[in-house]
Structures are given as structure tokens and as C-alpha cells.
Amino acid sequence: MLLLIGSVFAALAALIHVYIFVLESVRWTHPSTRRIFGTSADDAETTRPLAFNQGFYNLFLAITVVIGIVFVGAGSAGVGIALMLAGAGSMLAAALVLILSDRSKARAAIVQGATPLIAVVLLVVTLF
């Protein structure tokens with residue numbers, strides 16, 4: 001049961017990171033996205049290549065988690081849990097880096113890191 005709940009939280013974390021990918025790699029210069037990140041039109045244009053690259057990091061973490069979920073569903077729980085822990089653990093680490101580097105980004109770090117934290121805890125408990 002904990003594996004199922006942990007997988008659900010990992011899937012939610014993946015969805016959040018796909019959304020972040022869309023914001024950073026597809027919609028970075030749109031006014032609504034600039035408001036979310038607090039950037040001006042000029043700053044968004046200047047940082048566009050960096051945001052594009054960073055968005056793909058978020059997408060790749062989400063893909064790692066989804067592949068892990070597929071492995072669990074296919075009956076390879078060990079491989080699946082390992083992949084989910086790698087993806088969700090990296091998401092959690094990125095959230096920690098965000099809040100440690102800029103305290104004003106605490107809300108974003110919580111959004112980015114809460115579901116992976118829950119997923120990691122549940123998946124680790126599943127291993128014991």
C-alpha cells in the first residue's frame with residue numbers, strides 16, 4: 001500500500017515538474033510566466049536560453065519518475081523504486097538548493113519539493 005501511495009506522490013511530483021518544464025522551456029517570455037517568476041520582459045529574453053535548458057532538466061527528472069512507475073507496474077518494484085527515488089530525490093535536492101540559495105523563493109521551493117519529499121519518505125519506508 002505504501003508503494004502505491006508513494007508512486008502516486010511521485011507521479012504528482014512528475015506532473016508538477018512537467019508544468020515547470022512548460023513554463024521554463026515553452027512559455028518563458030509570456031507575460032503570465034514572467035509574473036510567476038517575477039522577471040521583466042528584458043530579463044526573460046536575456047535568460048531564455050538558461051531557462052530553456054533548466055526546463056529540460058525538470059522534464060528529464062519527471063521522465064525518470066514515470067519510467068520508475070512503469071517498472072513498478074510491470075512487476076519490477078526494485079528497479080522502479082530506484083528510478084523513482086533517483087528522480088524524486090533529485091527534485092527534492094533541487095528544491096533544497098533553491099531555498100538555500102534564495103530565501104525569497106521559499107514558496108516555489110515548497111511547491112517544487114513537497115510532493116517529492118512525501119514520495120521519497122514513503123518509498124524509503126517501503127524498502128524496510
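Enquirer: I'd like a description of the overall build of the protein chain, backed by residues and values.
Expert: Regarding its fold elements, the protein chain presents five helices and zero strands. Counting from the amino terminus, helix and strand elements in the protein chain follow one another as α-α-α-α-α. On C-alpha atoms alone, the protein chain measures out to a radius of gyration of 16 Å, which is about the 14 Å that the 2.2 N^0.38 rule sets for 128 residues. Structurally, the protein chain occupies a C-alpha span of about 50 × 25 × 20 Å along its principal axes. Expressed as a percentage of its 128 residues, the buried residues of the protein chain come to 34%. For the protein chain, the share of sequence-separated contacts (at least 6 apart) that also reach a separation of at least 24 residues comes to 62%.

Enquirer: Describe the packing of aromatic side chains, and please don't skip the residues or the numbers.
Expert: According to the stated counting rule, one finds four aromatic pairs in the structure shown. Considering the side-chain rings of phenylalanine 21 and phenylalanine 56, the 4.9 Å spacing of their centres and the 75° angle between planes classify their relative orientation as edge-to-face. Here phenylalanine 21, found in helix 1 (residues 2–26), pairs with phenylalanine 56, found in helix 3 (residues 41–73); they are 35 residues apart in sequence, far enough to count as distant. For phenylalanine 56, a relative accessible area of 26% corresponds to the partly exposed category. What links up through ring pairs into an aromatic cluster is the set Phe21, Phe52, Phe56 and Phe60.

Enquirer: I'd like a rundown of the environment of leucine 2, residues and numbers included.
Expert: Within the secondary structure layout, leucine 2 lies in helix 1. A sequence separation of 124 residues divides leucine 2 from threonine 126, and the C-alpha atoms of the two residues are 6.0 Å apart. Every residue in contact with leucine 2, bar those within four places of it in the chain, is listed here: Leu122, Val125 and Thr126.

Enquirer: Give me the lowdown on the packing of helix 1 against helix 5 (residues 106–127), citing residues and values where you can.
Expert: Here helix 1 crosses helix 5 at 155°, and the two axes come no closer than 8 Å. Of the possible angle classes, the one that applies to helix 1 and helix 5 is roughly antiparallel. The crossing of helix 1 and helix 5 is left-handed. Of the residues in helix 5, those touching helix 1 at Leu2, Leu3, Ile5, Gly6, Ser7, Phe9, Ala10, Leu12, Ala13, Ile16 and His17 are Val111, Gln112, Thr115, Pro116, Ile118, Ala119, Leu122, Leu123, Val125 and Thr126. A breakdown of the residues in the contact of helix 1 with helix 5 according to their chemical character gives 15 nonpolar, six polar and no charged.

Enquirer: Tell me about the nonpolar core, and name the residues and values.
Expert: Core analysis: the largest hydrophobic core is formed by 15 residues, its most contacted members being Leu3, Val65 and Met84. Contributions of two or more residues to this core are made by helix 1, helix 3, helix 4 (77–101) and helix 5. Not counting chain neighbours up to four residues away, the residues in contact with methionine 84 comprise Leu3, Ser7, Ala10, Val65, Gly68, Ile69, Val72, Gly89 and Leu123.

Enquirer: Before we move on, can you summarise the pattern of salt bridges with the specific residues and values?
Expert: Applying the stated criterion across every chain yields a total of two salt bridges. Arginine 48 is the salt-bridge partner of glutamate 45, the closest N and O atoms lying 3.6 Å from each other. Separated by three residues within a single helix, glutamate 45 and arginine 48 lie in helix 3, roughly one turn from each other. With its nearest N and O atoms 4.0 Å apart, the salt bridge here joins aspartate 102 to lysine 105. Look at aspartate 102 and you get partly exposed, because its relative accessible area is 29%.

Criteria and cut-off values
- Residues numbered from 1 in each chain as written.
- Predicted model: local features only at pLDDT ≥ 70, side-chain atom pairs only at ≥ 80, totals over all residues.
- Heavy atoms only, no water.
- Helix = DSSP H or I, 4+ residues; strand = E, 2+ residues; numbered from the N terminus.
- Rg over C-alpha atoms; globule rule 2.2 N^0.38 Å.
- Buried < 20%, exposed > 50% of the residue type's maximum accessible area, 1.4 Å probe, protein only.
- Contact = heavy atoms within 4.5 Å.
- Phe/Tyr/Trp six-rings, centres within 6.5 Å; stacked < 30°, edge-to-face > 60°.
- Axes fitted to C-alpha atoms, helices over the stretch in contact; angles between N-to-C directions.
- Parallel < 35°, antiparallel > 145°, perpendicular 65-115°, else oblique.
- Left-handed = near helix turned anticlockwise from the far one by under 90°.
- Nonpolar A, V, L, I, M, F, W, Y, C, P; charged D, E, K, R; others polar.
- Core = buried A, V, L, I, M, F, W, Y, C linked by side-chain atoms within 4.5 Å.
- Salt bridge = Lys/Arg side-chain N within 4 Å of Asp/Glu carboxyl O.

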